[in-house]
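Below are the chains, spelled out letter by letter.
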Amino acid sequence: MNPQRRRWTILAAVALGVGLAGAYAFSIFSATERAGNPSPELASLIEGDAGFDRALWFASPHQNLGALDERVGDLDLYLTELAGLAGIARPRLPSFGPFTVPPASEVAVGWTAAGDGFLVAARIAPPIGWLARIAGRLAGNPWLAGGEVRSSGKLFKVRWEQGLWIVESGLPAGFSWSPSSAAPDTDGQRAPEIAELVLRVPAGPIPSGRYRLTREESGLEVRSGDLPEAGSLESDWTVPGMVLWVSSADRAPVGGPGLFLVWGSGPAELPRVAVLQRGGGRNFRLPGESLLHFFGEGEAAHRLGWSVRATQKSAQREGLLLVPWLERHMARPGGKTAWLGLAGRLAPAESARTLSQLAANLERLPLLPSSEIHRLKAAARLLAPFHGCAAIRFEIWHDPEGARLRLCEPLAGSPLALEDASSDEDVEIDEPAPIR
């Protein structure tokens, strides 16, 4: 072989090697959505008999969380704010060498309700695992090589087993979990999923159960338990100009449910908010309600057993017009059919802008608790990554238990016209609405 041809052969081989290495690195580290199924070992970690109050499995965490991090800007800050707003404690997980998130094909985390004890197991690709253990031994780094580490006043135990990097901290004495005890997978092939969350105890309003995050035709969906087969008008409705609504009902004999409604507004206008309640309970408060009462505003108007409080008379009038439709379509607790415990529908971009505007207006008022304003600001920030979505909808059902969250679903059907919602078709419930 002549020297020139040999040179081109070497260059081609080098280029091919670099290309293959780049392709491998891209497949391992690229931030893109990926789905899969838990291996038997990690499935055994998130099962209820593993002993954790809460457990989470994630497919390709480096890629999926990397894609989320690109959207939210600072993933750790986002998750901290989300957990704080939802009232859920989350564990502080260790990093894997230079990687904030382990470069794994799957990872599972089990933790206590208080978040002070946890175990994380990540399936690391063999080449990276071998290099990490060698580098850890050479550098005397037990985070990678295995061993015990004290950090921030906590003891962490690190070990490698069956290709899994396992870290535990703060678990009760005598607790042990090993991937070698996992039973073979007998469920057959399941639909691929991005993540799976198991709650052995409720987390605030979220009931216990198994929640799966999957990619559906209508967008990302989190689903758990039994849900009504047909589409439900109770959870899939909106009216012109409304950017956000949330409904809530509980098992107590208050007659429920209650609703929180927000309409969009112009830059120079005050956002309009209304709170509707059936019966004598109270599920929601108006923003700045204490000051509204101080100035003689926010008094309730009544219709068909519902009370309507609002920040403006126009919002109260539109809320009263909705009452007959709500009375016809919203099942109450204690009936013979499934009932909606918690639900909501929102347009992310408009909702974030309106909530920020509402928080800014309330911030100018004296004597309002800062926690009220903080919640509005936090909710607006958490919606920022979804500004490109048409709608987000969630629902939690009871008798039987079930839950669903749909992210970035398309707008379906026509908005509910208030005139139609309050028509004269049902004379027995459609009576004149007293508006002061």
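The rules behind these values
Residues numbered from 1 in each chain as written. Predicted model: local features only at pLDDT ≥ 70, side-chain atom pairs only at ≥ 80, totals over all residues. Heavy atoms only, no water. Helix = DSSP H or I, 4+ residues; strand = E, 2+ residues; numbered from the N terminus. Areas by Shrake-Rupley, 256 points an atom, 1.4 Å probe, with all protein chains shown as cover. Axes fitted to C-alpha atoms, helices over the stretch in contact; angles between N-to-C directions. Parallel < 35°, antiparallel > 145°, perpendicular 65-115°, else oblique. Left-handed = near helix turned anticlockwise from the far one by under 90°. Contact = heavy atoms within 4.5 Å. Nonpolar A, V, L, I, M, F, W, Y, C, P; charged D, E, K, R; others polar. Phe/Tyr/Trp six-rings, centres within 6.5 Å; stacked < 30°, edge-to-face > 60°. Buried < 20%, exposed > 50% of the residue type's maximum accessible area, 1.4 Å probe, protein only. Salt bridge = Lys/Arg side-chain N within 4 Å of Asp/Glu carboxyl O. Disulfide = S-S within 2.5 Å. Pairing = 2+ DSSP bridges. Core = buried A, V, L, I, M, F, W, Y, C linked by side-chain atoms within 4.5 Å. pLDDT = per-residue confidence, 0-100. Polar contact = N/O pair within 3.5 Å; in protein donor to acceptor, adjacent residues only side chain to side chain.

**Notes on the overall build of the protein chain**
Here's step 1: Along the backbone of the protein chain there are 11 helices and 17 strands.
Here's step 2: Of the roughly 22100 Å² of accessible surface on the protein chain, a fraction of 59% belongs to carbon and sulfur atoms.

**Details of the packing of helix 9 (residues 348–363) against helix 10 (residues 370–383)**
Here's step 1: Close contact between helix 9 and helix 10 brings their axes to 8 Å; oriented N to C, the two are set at 155°. The angle between helix 9 and helix 10 falls in the class roughly antiparallel. Classified by chirality, the crossing of helix 10 by helix 9 is left-handed. From helix 9, Pro 348, Ser 351, Ala 352, Leu 355, Ser 356, Leu 358, Ala 359, Leu 362 and Glu 363 reach across to helix 10, where they touch Glu 372, Ile 373, Leu 376, Lys 377, Ala 379, Ala 380 and Leu 383.
Here's step 2: Taken together, the residues of the contact of helix 9 with helix 10 sort by class into 11 nonpolar, two polar and three charged.

**Thoughts on the packing of aromatic side chains**
Here's step 1: Counted under the stated rule, the structure contains five aromatic pairs.
Here's step 2: Judged by centre distance (4.5 Å) and plane angle (15°), the ring pair of Trp 237 and Trp 245 falls under stacked.
Here's step 3: On the basis of relative accessible area, Trp 245 is assigned to the buried category, the value being 1%.
Here's step 4: Ring centres 6.0 Å apart and planes at 45° place the aromatic pair Phe 260 and Phe 284 in the tilted group. Highlighted residues: Phe 260 in strand 11 (residues 258–263) and Phe 284 in the loop between strand 12 (272–278) and helix 7 (289–294), separated in sequence by 24 residues.
Here's step 5: Owing to a relative accessible area of 18%, Phe 284 belongs among the buried residues under this scheme.

**With respect to the pattern of salt bridges**
Here's step 1: Within the structure shown, the criterion is met by 19 salt bridges.
Here's step 2: Across the pair Glu 193 and Arg 212 runs a salt bridge, and its minimum N-O distance is 3.1 Å. A residue pair is termed long-range when its members are at least 10 positions apart, and Glu 193 in the loop between strand 6 (164–169) and strand 7 (195–199) and Arg 212 in strand 8 (residues 209–216) qualify at 19 residues.
Here's step 3: The class for Arg 212 is partly exposed, based on a relative accessible area of 28%.
Here's step 4: Between Glu 395 and Arg 393 there is a salt bridge; the shortest N-O distance is 3.1 Å. Accessibility classification places Glu 395 together with Arg 393 in one group, the buried group.
Here's step 5: When salt bridges that share partners are traced, they join Glu 221, Arg 223, Asp 236, Arg 345, Arg 393, Glu 395, Arg 404, Arg 406 and Glu 409 into one network.

**Quick notes on the state of the cysteines**
Here's step 1: This structure, assessed with the given rule, holds one disulfide.
Here's step 2: Covalent S-S linkage joins Cys 389 and Cys 408, the inter-sulfur distance amounting to 1.7 Å. Residue Cys 389 is found in the loop between helix 10 and strand 16 (391–398), and its partner Cys 408 is found in strand 17 (residues 402–409); the two are separated by 19 residues along the sequence.
Here's step 3: Residue Cys 408 is classed as partly exposed on the basis of its relative accessible area of 30%.

**Topic: the pairing of strand 7**
Here's step 1: Within strand 7, four of the five residues are buried, leaving the element largely enclosed by the surrounding structure.
Here's step 2: As defined by bridge partners, strand 1 (residues 54–59) adjoins strand 7 across five bridges and the pair is classed as antiparallel. Residue pairing in the sheet places Phe 58 in a bridge with Ala 195 of strand 7.
Here's step 3: As judged from the five bridges shared by strand 7 and strand 8, these two strands associate in the antiparallel manner.

**Some details on the nonpolar core**
Here's step 1: Counting 58 residues, the largest nonpolar core has Phe 96, Ile 124, Trp 165, Leu 244 and Phe 260 as its most contacted members.
Here's step 2: Counting residues in hydrophobic clusters, the runner-up holds 26 residues, among them Trp 237, Leu 261, Ala 310 and Leu 326.

**A few points about the confidence of the model for the protein chain**
Here's step 1: In this model, the protein chain carries an average pLDDT of 78, and 79% of its residues clear a pLDDT of 70 or more.
Here's step 2: This stretch, residues 4–29, has a pLDDT under 50; its non-local contacts, to residues over four places away or in other chains, come to 18 contacts.
Here's step 3: Segment residues 430–436 is flagged for pLDDT under 50; beyond a separation of four residues in sequence, or across chains, it makes 18 contacts in the model.

**A closer look at the environment of Ala 384**
Here's step 1: Structurally, Ala 384 can be placed in the loop between helix 10 and strand 16.
Here's step 2: The exposure class assigned to Ala 384 is partly exposed, which follows from its relative accessible area of 41%.
Here's step 3: Sequence spacing of Ala 384 and Gly 73 is 311 residues, and the spatial spacing of their C-alpha atoms is 10.0 Å.

**Overview of the side chain of Arg 345**
Here's step 1: Take Arg 345: it is sitting in strand 15 (residues 339–346).
Here's step 2: A polar side-chain atom of Arg 345 sits 3.2 Å from a polar atom in the side chain of Asp 236.

**Some words on unusual backbone geometry**
Trans peptide bonds make up the majority, and among non-glycine residues the majority have a negative phi.
Here's step 1: For the bond from Asp 399 to Pro 400, the omega torsion is 5°, close enough to zero to count as cis.
Here's step 2: When you line up the elements, Pro 400 lands in the loop between strand 16 and strand 17.
Here's step 3: Positive phi, close to 40°, is recorded for Ser 60, a residue that is not glycine.
Here's step 4: Tracing the chain through its elements places Ser 60 in the loop between strand 1 and helix 3 (61–72).
Here's step 5: Of note, the phi angle at Cys 408 is positive, near 60°, even though the residue is not glycine.

**Some details on the environment of Thr 100**
Here's step 1: Mapping Thr 100 onto the fold places it in the loop between helix 4 (75–86) and strand 2 (104–111).
Here's step 2: The spacing of Thr 100 and His 62 is 38 residues in sequence and 8.7 Å in space, taken between C-alpha atoms.
Here's step 3: Apart from residues no more than four positions distant in its own chain, Thr 100 is found in contact with Pro 94 and Ser 95.

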